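A structural walkthrough
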Amino acid sequence: FAQDHVLVAGEAGALPYYSHWVTYDFLGLGTNSLAHARITVAHLQQIHPDLLVVMAAAPGPHAIEDRSRPGPLSTNLIFLQYLRQSNQYHYAGASRGRGYYLAEFLRDDTPRHDEILAALQQNTQTSAKSHPSLKDLLLQRYVPWTP
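The following paragraphs examine the structure supplied in this document.

Quick notes on the rules
Residues numbered from 1 in each chain as written. Predicted model: local features only at pLDDT ≥ 70, side-chain atom pairs only at ≥ 80, totals over all residues. Heavy atoms only, no water. 1 Å grid on protein atoms, 1.4 Å probe; cavity = no way out; pocket = protein on both sides within 12 Å on 5 of 7 lines; lining within 4 Å. Points joined across faces, edges and corners; volume = space filled by probe spheres on them. Helix = DSSP H or I, 4+ residues; strand = E, 2+ residues; numbered from the N terminus. Nonpolar A, V, L, I, M, F, W, Y, C, P; charged D, E, K, R; others polar. Buried < 20%, exposed > 50% of the residue type's maximum accessible area, 1.4 Å probe, protein only. Contact = heavy atoms within 4.5 Å. Pairing = 2+ DSSP bridges. Axes fitted to C-alpha atoms, helices over the stretch in contact; angles between N-to-C directions. Salt bridge = Lys/Arg side-chain N within 4 Å of Asp/Glu carboxyl O. Core = buried A, V, L, I, M, F, W, Y, C linked by side-chain atoms within 4.5 Å. Phe/Tyr/Trp six-rings, centres within 6.5 Å; stacked < 30°, edge-to-face > 60°.

1. Focus: the layout of surface pockets
- Quantified by volume, the largest pocket comes out at close to 400 Å³.
- As for the largest pocket, its lining consists of 17 residues, of which Leu-15, Ser-19, Leu-51, Leu-120 and Asn-123 are closest to the centre.
- Contributions of two or more residues to the lining of the largest pocket are made by helix H1 (14-19), strand S3 (51-56), strand S5 (101-107) and helix H5 (113-128).
- Residue classes in the lining of the largest pocket are distributed as twelve nonpolar, three polar and two charged.

2. Looking at the environment of Leu-34
- Checked against the element boundaries, Leu-34 lands in helix H2 (residues 32-36).
- Overall, the relative accessible area of 6% leaves Leu-34 in the buried class.
- Residues Leu-34 and Tyr-24, ten residues apart in the sequence, show an inter-C-alpha distance of 8.2 Å.
- Excluding residues that lie within four positions of it along the chain, Leu-34 makes contacts with Tyr-24, Asp-25, Phe-26, Gly-28, Ile-39 and His-43.

3. Looking at the sheet that holds strand S4 (residues 89-96)
- Pairing is mixed across the open sheet formed by five strands, whose spatial order is S2-S1-S3-S5-S4. Looking along the sheet, the strands with just one partner apiece sit at the ends: strand S2 (22-25) and S4. Across this sheet, the average inter-strand angle for adjacent strands is 20°, counted without regard to direction.
- Sheet topology note: the S3/S5 ladder contains six bridges and is antiparallel. Of the residues in S5, the one forming a bridge with Val-54 is Ala-103.

4. Describing the pattern of salt bridges
- For the structure shown, the criterion picks out three salt bridges.
- For Arg-107, the salt bridge goes to Asp-109, with nearest N and O atoms at 2.4 Å.
- Here Arg-112 ties to Glu-115 by a salt bridge, and the two come within 2.7 Å at their closest N and O atoms.
- By relative accessible area, which is 43% here, Arg-112 ends up partly exposed.
- On the basis of relative accessible area, Glu-115 is assigned to the partly exposed category, the value being 38%.

5. What about the nonpolar core?
- Within the largest apolar cluster, 21 residues are counted, with the highest numbers of intra-cluster contacts made by Val-8, Leu-44, Leu-52, Phe-79 and Phe-105.
- The set of elements that each furnish at least two residues to this core consists of strand S1 (6-9), helix H3 (41-47), S3, helix H4 (73-86) and S5.
- No other element matches H4, which puts five residues into this core.
- In contact with Phe-79, not counting residues within four places along its chain, are Val-8, Phe-26, Ile-39, Leu-44, Leu-52, Val-54 and Ile-64.
- Counting residues in each nonpolar core, the second largest holds ten residues, with Leu-7, Leu-51, Leu-117 and Leu-120 among its members.

6. Some points on the packing of aromatic side chains
- Under the counting rule described, the total for this entry stands at four aromatic pairs.
- With a centroid separation of 5.0 Å and 80° between ring planes, the pair formed by Phe-26 and Phe-79 is classed as edge-to-face. Of this pair, Phe-26 sits in the loop between S2 and H2 while Phe-79 is found in helix H4, placing the two residues 53 residues apart along the sequence. Per residue, the accessibility class of Phe-26 equals that of Phe-79, and both read buried.

7. Remarks on the pairing of S2
- By the alternation rule, side chains of S2 split into Thr-23 and Asp-25, which are all buried, and Val-22 and Tyr-24, of which none is buried.
- Across four bridges, the pairing between S1 and S2 is parallel. For Ala-9, the partnering residue across the bridge sits in S2 and is Asp-25.

Set out below in C-alpha cells:
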C-alpha cells in the first residue's frame, strides 16, 4: 500500500520488492550510485526519504545511537546527523532479525503517515514473537538438547 514513497534501507531484496516504494539501498547492492560512493547527509537531503530503516543492536528510539550495533558505524552516524538536522522523523518501530534489529524512522509529514505508522507498529509486535526456522524446529524435535 501507499505507493510513491521513498525508502532508504540496507536491503536489495524483499523490502523493496514487497513495499513497491522507490528504494535506495545504502549498502550499494541495489543502488548503483551508492555502490560507488557511500551515502552522505547531502544525499539524504536530496532523497528526503519517507522511511529510513537502519540496523541496530536493540529496538527503541535511541537504537541508531548504539555503538555496539552491527554494520558500519559510520553509516549510522550519517543517518543520526541527518535525522537531527531535519528534525522531521520519529522512531516508528523495529523488526527483529537474527542477531540484529531493523529500526524504522518515519518522516512526520509523509503522506498516509498514520496508516504506515500503524503497519510498522503491527510489524514490530509480530516480529517480537518467536518465529523459529524449520531447521530450528527439526533440531528441537530430533536433537532436544540443542539450544
